[in-house]
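A structural walkthrough
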Amino acid sequence: MPRDATSPIRARPIDWLLLICLGMIWGASFMATKIATDDLGPFAITGMRLALAAFAINLVRLVSGERMPGIVSGRDRRFWVFALLIAVTSNALPFLLLSWAQAHIDSGLAGILMTTVPFFVLPLGHVFVAGERMTLQKTLGFIVGFTGVAVLIGPEALGDLGAGGRVALLAQCACLGVAICYAAGSIGARLAPDRGLIPLSTAALSLAALMTLPLAVALDPTLTGAQTMASLVAVGYLGLVPTALATVMLLAVVRSAGPGFLALVNYQVPVWAVVFGTVFLGEEPSPRLGVALALIAAGLAISQGALGRRRDAHAQG
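Residues numbered from 1 in each chain as written. Predicted model: local features only at pLDDT ≥ 70, side-chain atom pairs only at ≥ 80, totals over all residues. Heavy atoms only, no water.

The volume enclosed by the second largest pocket comes to roughly 260 Å³. Counting only elements with at least two residues in the lining of the second largest pocket, the list comes to helix H4 (107-113), helix H6 (136-153), helix H12 (265-281) and helix H13 (288-307). For the lining of the second largest pocket, the residue count by class is 7 nonpolar, 4 polar and 5 charged. (1 Å grid on protein atoms, 1.4 Å probe; cavity = no way out; pocket = protein on both sides within 12 Å on 5 of 7 lines; lining within 4 Å. Points joined across faces, edges and corners; volume = space filled by probe spheres on them. Helix = DSSP H or I, 4+ residues; strand = E, 2+ residues; numbered from the N terminus. Nonpolar A, V, L, I, M, F, W, Y, C, P; charged D, E, K, R; others polar.)

To continue, consider empty space enclosed by the protein. Per the counting criterion, the structure on display carries 2 cavities of 30 Å³ or more. The computed volume of the second largest cavity comes to approximately 30 Å³. What lines the second largest cavity is Thr33, Ile45, Thr46, Arg49, Phe95, Leu98 and Ser99. Within the residue set of the lining of the second largest cavity, elements represented by two or more residues are helix H2 (42-64) and helix H3 (74-101). Class assignment of the residues belonging to the lining of the second largest cavity gives a composition of 3 nonpolar, 3 polar and 1 charged.

Another point: a nonpolar patch on the surface. Together, Val271, Val275, Val279 and Phe280 give the surface a local cluster of nonpolar side chains, amounting to about 370 Å² of exposed area. For valine 275, the location among the structural elements is in helix H12. Relative accessible area serves as the criterion here: at 34%, valine 275 is assigned to the partly exposed category. (Patch = residues over 30% accessible without salt bridge, like charges linked within 9 Å, V, L, I, M, F, W, Y side chains within 5 Å. Areas by Shrake-Rupley, 256 points an atom, 1.4 Å probe, with all protein chains shown as cover. Salt bridge = Lys/Arg side-chain N within 4 Å of Asp/Glu carboxyl O. Buried < 20%, exposed > 50% of the residue type's maximum accessible area, 1.4 Å probe, protein only.)

Residue position: threonine 243 is located in helix H10 (residues 229-257). Judged by its relative accessible area of 6%, threonine 243 falls in the buried class. A distance of 2.5 Å separates the side chain of threonine 243 from the backbone oxygen of leucine 238, its partner in a polar contact. In contact with threonine 243, other than residues within four places in its own chain, are Arg49, Ala53, Phe95, Leu205 and Leu238. (Polar contact = N/O pair within 3.5 Å; in protein donor to acceptor, adjacent residues only side chain to side chain. Contact = heavy atoms within 4.5 Å.)

Laid out in structure tokens, this is it:
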């Protein structure tokens, strides 16, 4: 049950448990994507993931009794316009970019690069959201955070521009592109007419699946090629757990403890991504990883202190 709106928001033990579970779920999504890239191309991974997620979230909507908006009123049509925007920026395009990028870089590195999402929210919020101004404190957090990104990528990435170096650099840039997409999607979700999280998620995931699954059928031969059980399980996990189930868990946490509490997940996801990549995939983190993660976390802490409880959770995979 959601708490009374007039009562103070305090996180309960169940809220902390859900928060930790969300961090693990989203952190493991980078490992799952890496496994899926062994047999499947980016269009196939994205189309299958979104089709499963759309099916699951539609079931959740039917069970919960939530109704979808129509298209008669201007407010309803505005809802669908924003749902389409979120479908592209929070689902179709970022999943496609991330699936391609993780074929070329470690899952832990991709997970850490995703922590930059809140930094991209700052300038976008300054332009599009009333009251979200770029203060000195937010700007300082932005600078500190991206210093961490520069440390993470490293100067040798610019010096090693052979074939392998170019692809790795492009993959890291693609991950930053994913972060920009998620930031734009979060702004779209904030500006969308309030019809509830489940209807908005249902509309966005359904539209994203309708966009990407036909492209996978038409453009990606790996969709119908030979696939191992590991890659199929990985895609099943991506569609059902971090994309669909996590939406329901996210809703429960927001209703109980508020979006400011949920923002703490941003600090967990990269740690879990590195842990899963190291333990299960045998990845060897760069010595720079700890320094970069500390700087990014410091930037998040500085900027989040300025944003307060209005911050949403963005670090998804």
